[in-house]
Amino acid sequence: MVIKAADMLIARRADTRARADFATWKMMAKLNGASALPAEAQNFLAAYQTLLRKMPESEATEATIHELYKTYYAEMGGAGSAPGLPAHSGEQATNNVTAFKRPSAQRNPAQQRVMPGTQAKPRLPVALIFACLIVVYVGIRYYLLQ
């Protein structure tokens, strides 16, 4: 059986959604908010609780996510049965923290406006530019109305 690229895309989206939803539902259940979840979510959590009695937590979690994945795959319009995706490793990332890097010292605001390698040009204040525009306007009006 050949799996189309579109079906594989649907499968990945369904798997991602299943994992995110299940994690959310599980956290809601831990916070005693499971009654606020939709009926579908409550059914999956009940199935998860049943599986927990039979197997370890990691296996029960993966089995529940797989069932949720198959449901989402069908809802998203996947053709046929849901394709198998590579299993997620159960190990947590241990080195996923970036070292803190102190920001560089702040420069003067005048230095920040200047591009590297160019000299600072003196800037005219806005009021001076406005005054010059008024002088030009009055001069044009004065010479045209005579």
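Summary of the structure given here.

### So, the overall build of the protein
Along the backbone of the protein there are five helices and zero strands. When the helices and strands of the protein are listed from N to C terminus, the series reads α-α-α-α-α. Evaluated residue by residue, the protein yields a buried proportion of 18% over its 146 residues. Accessible surface computed for the protein: about 12000 Å², of which carbon and sulfur atoms make up 60%.

### Details of the pattern of salt bridges
Summed over all chains, the structure comprises six salt bridges. Among the salt bridges present, the one from Asp-21 reaches Arg-17, with a minimum N-O distance of 3.6 Å. With Asp-21 and Arg-17 both in helix H1 (residues 5–30), this residue pair falls four residues apart, about one helical turn. According to the relative accessible area criterion, Arg-17 is partly exposed, its value standing at 34%. In this structure, Arg-17 and Glu-75 form a salt bridge, with 4.0 Å as the shortest nitrogen-oxygen distance. Of the two residues, Arg-17 sits in helix H1 while Glu-75 sits in helix H3 (residues 57–75), which places them 58 residues apart along the sequence. Residue classification places Glu-75 among the partly exposed residues on the basis of a relative accessible area of 49%.

### Re a nonpolar patch on the surface
Among the surface-exposed residues, Phe-130, Ile-134, Tyr-137 and Val-138 lie close enough to one another that they form a single nonpolar patch of about 430 Å² accessible area. Along the chain, Ile-134 falls in helix H5 (residues 126–145). Residue class for Ile-134 comes out partly exposed when judged on its relative accessible area of 40%.

Basis of the calculations
Residues numbered from 1 in each chain as written. Predicted model: local features only at pLDDT ≥ 70, side-chain atom pairs only at ≥ 80, totals over all residues. Heavy atoms only, no water. Helix = DSSP H or I, 4+ residues; strand = E, 2+ residues; numbered from the N terminus. Buried < 20%, exposed > 50% of the residue type's maximum accessible area, 1.4 Å probe, protein only. Areas by Shrake-Rupley, 256 points an atom, 1.4 Å probe, with all protein chains shown as cover. Salt bridge = Lys/Arg side-chain N within 4 Å of Asp/Glu carboxyl O. Patch = residues over 30% accessible without salt bridge, like charges linked within 9 Å, V, L, I, M, F, W, Y side chains within 5 Å.

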